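# Survey of secondary and tertiary structure
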Amino acid sequence: MAGDNQLMKALKENSIRYIKTTANATVDHLSKYLAMRLTLDLDRKYAKHVIKYCKWSVNVMERKTTVWTMAVATNISRIFLSKVHLTCKQAVLPKFYSSATGYEFIKVDKAGANKNVAVITLNRPKALNALCNDLMTEVGTVIADLEKDSSVGAIVITGNEKAFAAGADIKEMQNNTFSGNIRNDFLAHWTRVAECKKPVIAAVNGYALGGGCELAMMCDIIYAGEKAKFGQPEIALGTIPGAGGSQRLTRVVGKSKAMEMCLTGNQINAVEAEKMGLVSKVFPAEKLVEEAIKLGEKISSHSQLIVAICKESVNKAYETTLREGLHFEKRMFHATFATKDRQEGMNAFVEKRPAKFTNE
């Protein structure tokens, strides 16, 4: 009898130890991947059921049960969880490398095979990523740091599936005054994103309204999830766009469409935004960030120096006449012939080999 009790105890301890280790690792992996909004070739609901099962297995094993029940549960867990781990291992995923930043309202990571794409995630989910002053200050600080980071060739800014950013923080600006806005140059620091020398890609899922739409337009390229919504609803609050909504939007979609959006506050979906030229491409929500990172990796494979010159030339088209723009482009084109990367790029083409750029 004593031997049976010891066997029962040993079997139970081993079973609990095995299931806890495997189940907890599985929960950790799947939770991380679901948070990144990636499917891993698993349906989202299925993945959540896996997590639920893992937690249930641990709870069952810690309660009193028979040797037969524990043996069966252990074997089922071994087969079931090994298949899940195999699926996770085989899934093609972008590599994220977390950076310890200590920021309150954003998360910063490096992604891609070469860790050369920075990902800034707006992180005020309860407020639908409303753009408060501190959040935008943090974004500006990170942008400045990433500009100095030679390992980063492109930057992605994103939110979550529900909202990229639902607008500026209305509660924060509710009691602002005209004199105070003038004195403090209200919203001036928001332009740091548009001033970034490195390419910035907006990966927009969910709402991008008001300041959120303006933030997306400050970026160089906008990718959107299928359920993304864009709009400038400031008119309904008794004010107007204040961070580029009436200016950048008009230059992108034309006067008529911009007038309609700004004067009505109506929202447009991702398909409409793509047709209007506001968005480059539309993807399923769960693939959006992955595709934005792929784009960042492609850009990062080129010379950072030449990419910066090219970005400046394209932006010049929005701020000058065609004649002046063409003159600027020609001078920048000429200037590339003073760089080592231009020489390397042409040499590599002639020699039919990959170019090795040094950003010089």
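## So, the packing of aromatic side chains
The full count for this structure, using the stated rule, is 2 aromatic pairs. An angle of 55° between the planes, with centres 5.0 Å apart, marks the rings of Tyr223 and Phe283 as tilted. One end of the pair, Tyr223, is in strand β8 (residues 221-225); the other, Phe283, is in strand β11 (residues 281-283), with 60 residues separating them in the sequence. For Tyr223, a relative accessible area of 7% corresponds to the buried category. By relative accessible area, Phe283 is classed as buried at 14%. Ring centres 5.3 Å apart and planes at 80° place the aromatic pair Phe333 and Phe337 in the edge-to-face group. Accessibility expressed as a relative area gives 41% for Phe337, which makes it partly exposed. Positioned above the aromatic ring of Phe328, the side-chain terminus of Lys316 is 5.0 Å from the ring centre.

## Focus: the pattern of salt bridges
Within the structure shown, the criterion is met by 10 salt bridges. One salt bridge connects Glu290 with Lys294, and the closest N-O pair in it is separated by 4.0 Å. Taken together, the residues Glu290 and Lys294, both in helix α11 (residues 288-300) and 4 residues apart, mark about one turn of the helix. With relative accessibility at 8%, the residue Glu290 sits in the buried group. In this structure, Arg353 and Glu344 form a salt bridge, with 2.7 Å as the shortest nitrogen-oxygen distance. When its relative accessible area of 16% is taken as the criterion, Glu344 is described as buried. Within this structure, Lys287, Glu290, Glu291 and Lys294 form a network of salt bridges that share partners.

## Considering the pairing of β8
In terms of burial, β8 is a largely internal element, 4 of the 5 residues being buried. Direction of pairing for strand β6 (residues 200-204) relative to β8: parallel, over a ladder of 4 bridges. Bridge pairing links Val204 to Ala224 in β8. Where β8 lies against β11, 3 bridges are found, and the strand directions are parallel. Note on β11: the bridge partner recorded for Gly225 is Phe283.

## Considering the pairing of β6
Of all 5 residues in β6, 5 are buried; the element is thus mostly enclosed. Both faces of β6 are covered, namely the face carrying Val200, Ala202 and Val204 and the face carrying Ile201 and Ala203. Here 4 bridges tie strand β4 (residues 154-158) to β6, and the two strands are oriented parallel to one another. Looking across to β6, one finds that Val156 is bridged to Ile201.

Conventions and cut-offs
- Residues numbered from 1 in each chain as written.
- Predicted model: local features only at pLDDT ≥ 70, side-chain atom pairs only at ≥ 80, totals over all residues.
- Heavy atoms only, no water.
- Phe/Tyr/Trp six-rings, centres within 6.5 Å; stacked < 30°, edge-to-face > 60°.
- Helix = DSSP H or I, 4+ residues; strand = E, 2+ residues; numbered from the N terminus.
- Buried < 20%, exposed > 50% of the residue type's maximum accessible area, 1.4 Å probe, protein only.
- Lys NZ or Arg CZ within 6 Å of the ring centre and 35° of its normal.
- Salt bridge = Lys/Arg side-chain N within 4 Å of Asp/Glu carboxyl O.
- Pairing = 2+ DSSP bridges.

Treat this as a map of the structure, not an account of what it does.
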